[in-house]
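# Reading the structure
Chain by chain, the residues:
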Amino acid sequence: MKIHTLLAATLLGSACLSAATPEEIIADQVPKARSIIEAWQKGDPTDVTRVLHIIYWTPSDRAPAPQYRERLTRVMKSIQKFYASEMDTLGFGKQTINLDLAADKLLRIHLVKAPNPYAQYKPGDGSKIRKECLPTLKKAGINADKETILIFCNMSNWDPTKMRMTQNSPYYAGGNHRHGTAWQVDSALLDPVLLSKKEPKIHDGQYGHISVGRYNSIFVGGVAHELGHALGLPHNCERADERAALGIALMGNGNRAYGRDLRGEGKGSFLTLASGMRCASHPMFTGSIKGMNLQGKARLENIKITKGNRALTITGKVVTSPDSPPVHAVLAYTDPTGGSNYDATTATCVPDKAGNFTLKCTDLRPNKSASLRIIILYANGDATSHIGSHSPYTYPYSVDKDGQPDLSQIDLLLAFAPVQNARKAHNNAEFTRQLELLKNSNNKKAAAIARRILTRGHTHKSPSVIAPDVTTVALADTTPTAAKVGYFRPMYNRLPTPSMLLEANSRIFEHGIYAHAPALHRYHLGGKWATLSGSCGIAANQRGSVNFIIKADGKTIWKSNVLKAGKLQSFSVDIKGKQNVELIVEDGGDGSGSDWGAWLEPTLMR
């Protein structure tokens, strides 16, 4: 077994063994995590009941759906019960969300009549709708920027004659332990009392011919799922051992399984231990806002990553600042490329008193590139992402068709960690020293990358004047006649990110051209080259969408598909006799924000 190390130290850690069942892992870890959270909260508690604030927003030309207040009370009590049951199953007790109930024991719902009719709203108008809710919330003494709010949008269309349902509503969420917003859709059929019903069948515009029970699994479960995001829970799916024992993870596709056990259609939804660890310190669940606004300050040291059959083991040490809330858990997410994190499996661990930890990640997806993320959780509800010094806190790796992980990309990141630490500390002398060490190291790829980062300007002048005996050259090492990018400034063989490395689709490339859209790079070839080949894509951890275009002597000779994060496209074009070549990156049609395009290892050949 090959070991990848940042510092070769033997560590003790609280083990998360692959042989342990989910129940055994819970029994081992949860009492330790609870002890840390409760000890910190008892030190100087600030008890307060934080409640979930419910808004009912309806277009100006629509009345609220029938019995909306009664139905939504049942919806939210069902979800309240779900979280309480899941947290209790995990060993945290019946911690759950708090609902704001009026004297009649129904939800206190803030009704907002929109200024515009239904036709003027669409699913992407969440921010617009939230803004329209703010005056009503302010009048009620609620600061939406400091609370967790849930907006039910009256944007469904029910035809009882045709038994057809469609919706045109925002349906997403985001937040953390301090505040969050979830957007949902309300309808006349949204009611958990219907979860057990296999009849009647309806036709849903998105999900097709389904029972009214399944409709409510999807949409009541959807409320529970999006509320999770508003509380700070990211997507993750269940591991194989969890699926067999517990069902479908709520923050994966669990919204579609919510309550399906009531219809005898399989196991229902459950809350993963990773999600439960986050909820356990959330002020909504603890009933305390002690240190809620403190920033968690911890770093990881002495990282080791070892590989096994469809598995990774990570050991290390959490070093927590004296002015930080204590760390009660460390999480790992192994996330295959694509899938919007829905298919990320999790591992959890509680550091020992010295901060040592061990994470065992299983169920790696064969024949896939992927990213490893580590999250540190704090007793006040905060969460921070760290993997060594790498930012934005992910490690790329891949898994072959037989399930064997390739950690060579992680080797590169670990090798560059001292360089990045020096850069972060603005220590130019140490930055250069570490690059010089890498340039002379045995890691050939790291040495080549370091050599290019150390190079001032371009190694070669125009491609048209390169000596004829040079048959292959990296285009990024040559001097363009024109260059412009949509953000920052033109850069070569690095990105303007904390890591600098040319990373895309869980791979690190040796050379390339930073090309945030709109971008243009023009090179004079002088008719002396035969082929230009390479790849292109969006830089890691960006969410843009772009088109890549290659023109020769003013004519388009190649154009990519619209590329989004996690997708690369290769090219090889004939440039025989061409005088000039242009590499162009355009917005993919949704605006240029996050359009971090990159030409990856573009190479000229005679």
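Residues numbered from 1 in each chain as written. Predicted model: local features only at pLDDT ≥ 70, side-chain atom pairs only at ≥ 80, totals over all residues. Heavy atoms only, no water.

The next point concerns the state of the cysteines. Evaluation of the coordinates by the stated rule reveals 0 disulfides. Cys133 supplies the cysteine sulfur nearest to Cys153, a cysteine that is in no disulfide, at a spacing of 7.3 Å. Residue Cys153 is classed as buried on the basis of its relative accessible area of 0%. (Disulfide = S-S within 2.5 Å. Buried < 20%, exposed > 50% of the residue type's maximum accessible area, 1.4 Å probe, protein only.)

The strand order across the open sheet built from 4 strands is S5-S6-S9-S10, with neighbouring strands paired in mixed fashion. The strands lining the two open edges of the sheet, one partner per strand, are strand S5 (156-159) and strand S10 (208-211). Sheet twist, expressed as the mean angle between neighbouring strand axes with direction ignored, is 25 degrees. As paired strands, strand S9 (residues 201-204) and S10 are joined by 4 bridges and run antiparallel to one another. Bridge pairing in S10 links His203 to His209. The strands touched by helix H4 (residues 212-230) are strand S6 (164-167), S9 and S10; relative to S10, the strand with the most contacts, the crossing angle is about 100 degrees. (Pairing = 2+ DSSP bridges. Helix = DSSP H or I, 4+ residues; strand = E, 2+ residues; numbered from the N terminus. Axes fitted to C-alpha atoms, helices over the stretch in contact; angles between N-to-C directions. Contact = heavy atoms within 4.5 Å.)

Turning to the pairing of strand S32 (residues 568-574), a few remarks are in order. Side chains of S32 alternate between two faces, with Gln569, Phe571 and Val573 buried and Leu568, Ser570, Ser572 and Asp574 left unburied. Where strand S28 (residues 531-538) lies against S32, 7 bridges are found, and the strand directions are antiparallel. Within S32, the residue paired with Cys536 across the bridge is Gln569.

Packing of helix H8 (residues 408-424) against helix H10 (residues 444-454) brings their axes to within 10 Å, and their N-to-C directions diverge by 45 degrees. What the angle tells us is that H8 and H10 run oblique. Between H8 and H10 the crossing geometry is right-handed. Contacts between H8 and H10 involve Gln409, Leu412 and Phe416 on the former and, on the latter, Lys445, Ala446, Ile449, Ala450 and Ile453. Of the residues contributing to the contact of H8 with H10, the split by class is 6 nonpolar, 1 polar and 1 charged. (Parallel < 35°, antiparallel > 145°, perpendicular 65-115°, else oblique. Left-handed = near helix turned anticlockwise from the far one by under 90°. Nonpolar A, V, L, I, M, F, W, Y, C, P; charged D, E, K, R; others polar.)

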